[in-house]
Amino acid sequence: MVVQCVLFRALESRMHVCRKRKEFSRCCMLFGSRFRAFNEMSHSRYNSNKKTNTIREEFINYFNSRGHKIIKSSPVVPYCDPSVTFVNAGMNQFKGVFLGKSPPPASRAVNSQKCIRVGGKHNDLDIVGSDGYHHTFFEMLGSWSFGDYFKKEACQFAWEQLTEVFHLDHKKLYVTYYGGKDDSGLEPDYETREIWLEIGVPESRVLPFGAKDNLWEMGPTGPCGPCTEIHYDFMGRSNVAERVNAGHPDLIELWNLVFIQFERHEDGSLSPLPSHHVDTGMGLERLASVLQGVTSTYDTDIFQPLFDVIQKSSGAPQYGGKFGSDDKNGLDSGYRILADHSRMITVAIADGMLPDHNHRLRRVIRRALTVSREVFLSNKDRAHQLLCDLCSVAAESLEGAYPGLVSRLECIRAVLMHEDLVLSKFQAETENIWEKNLLKRPQLAHIDIKSSPGLLRVIEELEMLASRGLEKVDDEKAFLLYDTYGLNEATLRNVGAALGLELDVQGLHRKLEEARERSRKCGSLSSGEAGMVSRRVAEELRALGIPPTRDQLKYCYHKDASGSYQFESVEAVVQAIICGGSVVSHMEVEEKEILGVVLDQTSFYHESGGQVSDTGFIIPVKGNGFKMLVQDVQKSSEYVIHWALFQRDQSDGSVRENHPRFQVGDLVKLYIDKEHRINMMRNHTAVHCLGAAIRHSVPAIAQRSSLVTPTHLSYQFSVYGMQTSLPNTEKEKQDSNSFKSHTNTFSWRSFLESAENKVRQVVSSKGAPVRRKTMSGMQLLDEMSRASSKLEEIATVPGEVYPESGVHLVEIMISPDSNALNHLVGNESEDVRRENALLTWSREPCCGTHVLDATDIMDFCLIDVESAGSNSRIVKAVTGPSAISAHSRGGQLLLQIKDLSKRADDILLRVKNGEASGTEDAKLQLLVDSLGKELKVLLKRAKRVGSESFTTAIPYMDRCHALELLSTLEGSVKEYRKEKNHQSIDQEMSLVVESLGDSKFLVHCLHYGAAGPDKVLQKAMKLCPKDLPVLVLAAVDGGKSVKARCVVPKEIANEKFNAETWMEPVMNIFRGAGSAPKGHNPHFVFNMKERKLPANLSREESLKKFDLAQQAAQEFANEVLLKSKINT
């Protein structure tokens, strides 16, 4: 014990100067296990054996009993916050409340929030495993007051819970408060100091700190305020106030209480908020380590079940809690990495994030798979299975607090299986390249290529810079590499140094901050603006005091008694006119002039959510002989801009002005193009139906993008869990319309055909009402948390930012007896079918316009499918009359092909039975040629991409079926021709051999179809006498190309006359080349390689060449053999 105390004091002295986290991490690696051993012996008597689940429950119950509403954790995917990739704090879901964009869920709230930190300011990924408390996933216990109580009650609640509920010794607690004396503009928070003193905290334990530790700000502008922190001393010493906030693991921050009472303005000034808020947060893992008497969160009951799974699956030694140099072979670090990452992976994928949407998630998965392979498993193929087992344990342990994780396990397993395949392929392809790079640059050996997939591309890019003589990677390039390839700053800096390039670190930091600022503001300017209207114009409209455009009228339409959609005309007032990029109040308009028009309200849909904008007319009520053809509608900030072409109104009987005046305040009427809108409504609802059909058929799907136009729809997606191998060669990639799953062979065609049929079953049902619900972002999160089955799940797109308010949830309902419900993944039929109730087929947040009933889609037809990767496809489809017509055309095509195939089969059967005459043989040839030409024309037309092709398209499935029928027919004809060729060769060569007489050699030219010259030559040679020299030419495809084979018996061959010398005159005529078959002597066997004749050569000219070649071969043989005979 004395020795251990000495060791600890040495560690304490060393750590006293460790103020930076990196330096502290090095200390942990050097002394971690010794400190851990000492700490366990010192504190084992304080272990409360309180389980983590109990701690979480007691925290929530304490606040709930004091009037706090229990709020469910939001998903870790931040659907309403573009500033972060993952939810990284308990307050994320309440940002809208603090910013005044949405109402609070209650005046008092409490919850336990799932959080992930793997990037940006709070990036714990690279540290995880090296110390005892950093995690990528953690739970944040939080309590809030929204304009209710403030500092006094918050401090009292926190102190009471820690000391009376969790029974922590108050002598081990320190508190901090904002002490001012910096450039923040805030006065010291003496109010909080006095509150702690009144509670009974000794003055020596109430410590002031500056803005870095005790001032909270949401951003450069917005809500902010002082905070107070409660710190815990594991050692229980009399007074070690100097260790607070000094980076010591034995004295940690436990709970942070933020008092939001000011607003920071752009000029840096502060003003009091109209109502004050309290936001407190305490890490559950850290609290559990304190209450369970351990210094490392990895020693709590949270991680022990995960360690057990790793040990049992791998047979590795048990977890020993070692760090740094004591951790031999990185075994314990591997335990910590796998256990932590499996929790993060489980929650991230279960909450809807996929690796295709987030490179940080992919990096975590790859790191976990690599650790599984290299540290624990001898069988590398089991890496994903170990990770799946860990995710199952993690999901089960968290299910009570966060329902829905277990039900997503199939999806998690599917994603991990796919990522394991991708990683294996990547490692196989890059291993040799990376080893060559390390030979040139050994200083890069410490970089993990397996978790940095973009590293080789970065090296290529930087090598190009170095080759141009540059010495520095500027901020633009550094940010581009960071953003494109996902490498962190340290890796970029190391690679640059290896190539003699300095990284502009400060510039990179500046660019990253600018990107974060753009993300924070991206909700203010719609991406649909697409450069049409600059931000300056939007700001000018705002500066002029023009109110936002009210555009809810775009959702106001109904069906009349006959079932026809009715869109009422709308009156609006001109608010602003945009001409040449500037805002003007009036204009003298000329015909065919294009202007931007801002109105007080509109029924036009602006381009958004993948749906193109409405078209139609804006007509001045005063009637000046002109009307405006609306060609495009875009949104800039809160303003809807109608881009319209002025043209004469032939229907207007009023006096036409040559240059009518158009000005702000004019009253206009809006008429949307009814057919254009209805077609888009059909197509948009069909996108939702198709997405649901795909989601319900596979374990996991990632929607990439969608496009809705009046003519067609496009939907790009990826599926997971359906394949166990990826195509390696170009041939495999071309043949990747089917691949193997863990159960059977997966066929893209069958899968998409099933999805198409499900959509058609939905739209052909008796009724499939489409409902639109408008809610806030928090209500959307609540709806998502209440989904109890896969059918009720809300489909969201990770990375898509949904507004804080005015979110539209679009639901498509179907009857429980619909055939579309058959064979759903993750749902048993009896579980989802309920009598006398409609079931949810699709639920998606969407701002688009939709039909009121999915049956109004009329019909659905896939017309094209493009590959976007081994597990990704882009599908295009049409609806309504276009789909009906397409199916009709496809049916007619198939009938035509089947009829032709039947007639061809009849002729082939008669040929086979010897009943066909020569004329019928010719008929067969004509029939096949006609069929092939007709199909090529139809398929070429159907594959064209453009607005015209969608009105003449052949259904994709019918095209596939047509190609199958054609392939079968061509196969039959090919067999027939092959047999005929063989018969012809037999007959021809027999006649040639019979006519040889006393000839000492054989030269012959065969003319036949396009297929198999090698086999034809081999067959011809077999029919020739073995004791004679033989040279046979094959004229392919009517003489368009030539190949030849020559054989000379060993007994006859000599230096002057052999297979090679005999072939030379033939090769000279055709300018060909040749060689002996592998393993053969060129004196005895020699082949001329297939040689294409010039394209401009006529048939007569090519036949003449064959005659010349044949004659040359004969003359050579005659001359050489005759001389040989004379010499003999």
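In the block above lies the structure referred to throughout.
Residues numbered from 1 in each chain as written. Predicted model: local features only at pLDDT ≥ 70, side-chain atom pairs only at ≥ 80, totals over all residues. Heavy atoms only, no water.

Draft legend 1. Examining the packing of helix α3 (residues 52–64) against helix α5 (residues 151–165) more closely. Contact geometry of α3 with α5 gives a least axis separation of 11 Å together with a crossing angle of 135°. By the angle between their axes, α3 is oblique relative to α5. When you trace α3 past α5, the crossing you get is right-handed. On α5, the residues touching E58, F59, Y62 and F63 of α3 are Q156, F157, E160, Q161 and V165. When grouped by side-chain class, the residues that make up the contact of α3 with α5 number 5 nonpolar, 2 polar and 2 charged. (Axes fitted to C-alpha atoms, helices over the stretch in contact; angles between N-to-C directions. Helix = DSSP H or I, 4+ residues; strand = E, 2+ residues; numbered from the N terminus. Parallel < 35°, antiparallel > 145°, perpendicular 65-115°, else oblique. Left-handed = near helix turned anticlockwise from the far one by under 90°. Contact = heavy atoms within 4.5 Å. Nonpolar A, V, L, I, M, F, W, Y, C, P; charged D, E, K, R; others polar.)

Draft legend 2. Representation of the sheet that holds strand β31 (residues 839–845) in the model. If you trace the 3 strands from one edge of the open sheet to the other, you get β29-β30-β31, paired in antiparallel fashion. Lying at the two open borders of the sheet, with one neighbouring strand each, are β29 (770–775) and β31. Strand-to-strand twist across the sheet, computed as the mean angle between neighbouring axes with direction ignored, equals 25°. Pairing between strand β30 (residues 807–814) and β31: 6 bridges, direction antiparallel. Pairing of V810 across the sheet is with E844, part of β31. Packed onto the sheet, helix α19 (residues 674–695) meets β29, β30 and β31 and runs at close to 115° relative to β31. Of the strands in this sheet, β29, β30 and β31 touch helix α22 (residues 777–785), which is tilted by about 125° from β29. (Pairing = 2+ DSSP bridges.)

Draft legend 3. Local environment of the sheet that holds strand β25 (residues 700–708). If you trace the 4 strands from one edge of the open sheet to the other, you get β25-β26-β33-β32, paired in antiparallel fashion. Each edge of the open sheet carries a strand with a single partner, namely β25 and β32 (860–867). Neighbour to neighbour, the strand axes of the sheet diverge by 25° on average, direction disregarded. In terms of strand pairing, β32 meets strand β33 (residues 872–879) through 7 bridges, oriented antiparallel.

Draft legend 4. Here's a closer look at the packing of α19 against helix α21 (residues 748–763). Two elements in contact, α19 and α21, have axes separated by 9 Å at closest approach and are oriented at 130°. Looking at the two axes, α19 sits oblique to α21. Between α19 and α21 the crossing geometry is right-handed. Only F751, A755, K758, V759 and V762 of α21 make contact with α19, whose side of the interface consists of C689, L690, A693 and I694. Its residues assigned to classes, the contact of α19 with α21 shows 8 nonpolar, no polar and 1 charged.

Draft legend 5. Layout of the packing of aromatic side chains. This structure, assessed with the given rule, holds 30 aromatic pairs. Residues F98 and F146 carry aromatic rings whose centres are separated by 5.9 Å and whose planes lie at 40° to one another, so their mutual orientation is tilted. With F98 in helix α4 (residues 95–98) and F146 in strand β5 (residues 137–146), the pair connects residues that are 48 residues apart, well separated along the chain. The buried category is assigned to F98, whose relative accessible area is 5%. Aromatic pair Y565 and F567: ring centres 6.5 Å apart, planes at 20°, arrangement stacked. Of the two residues, Y565 and F567, neither departs from the other in class, the shared state being buried. Taken together, F59, Y62, F63, Y149, F157 and W255 form an aromatic cluster joined through their ring pairs. (Phe/Tyr/Trp six-rings, centres within 6.5 Å; stacked < 30°, edge-to-face > 60°. Buried < 20%, exposed > 50% of the residue type's maximum accessible area, 1.4 Å probe, protein only.)

Draft legend 6. Expanded view of α22. Inspection of α22 places G777, M778, L780, L781, E783 and M784 among the buried residues, and these make up the whole buried set. On its buried side, α22 packs onto α4, β29, β30 and β31.

Draft legend 7. Examining the pairing of β25 more closely. Two elements, β25 and strand β26 (residues 713–720), share 8 bridges in a ladder whose sense is antiparallel. Paired with L707 across the two strands is S714, which belongs to β26. The turn linking β25 back onto β26 is made up of 4 residues.

Draft legend 8. Structural detail: the nonpolar core. Grouped together as the largest cluster of nonpolar side chains are 72 residues, with contacts concentrated most on F662, F717 and W841. The greatest single-element share of this core, amounting to 10 residues, is contributed by α19. When residues no more than four places from it in sequence are discounted, the contact partners of F662 are V574, I577, S585, H586, M587, V589, L595, V597, M628, F646 and V668. Judged by nonpolar contacts, the second largest core, of 70 residues, contains V118, V128, L409 and Y720. (Core = buried A, V, L, I, M, F, W, Y, C linked by side-chain atoms within 4.5 Å.)

Draft legend 9. Up close: the pairing of β30. Judged by how many residues are buried, β30 sits mostly within the fold: 8 of 8 residues are covered. Across the two faces of β30 the burial is the same, with V807, L809, E811 and M813 and H808, V810, I812 and I814 all buried. Relative to β30, β29 is paired through 6 bridges, and the arrangement is antiparallel. Residue pairing in the sheet places R772 in a bridge with V810 of β30.

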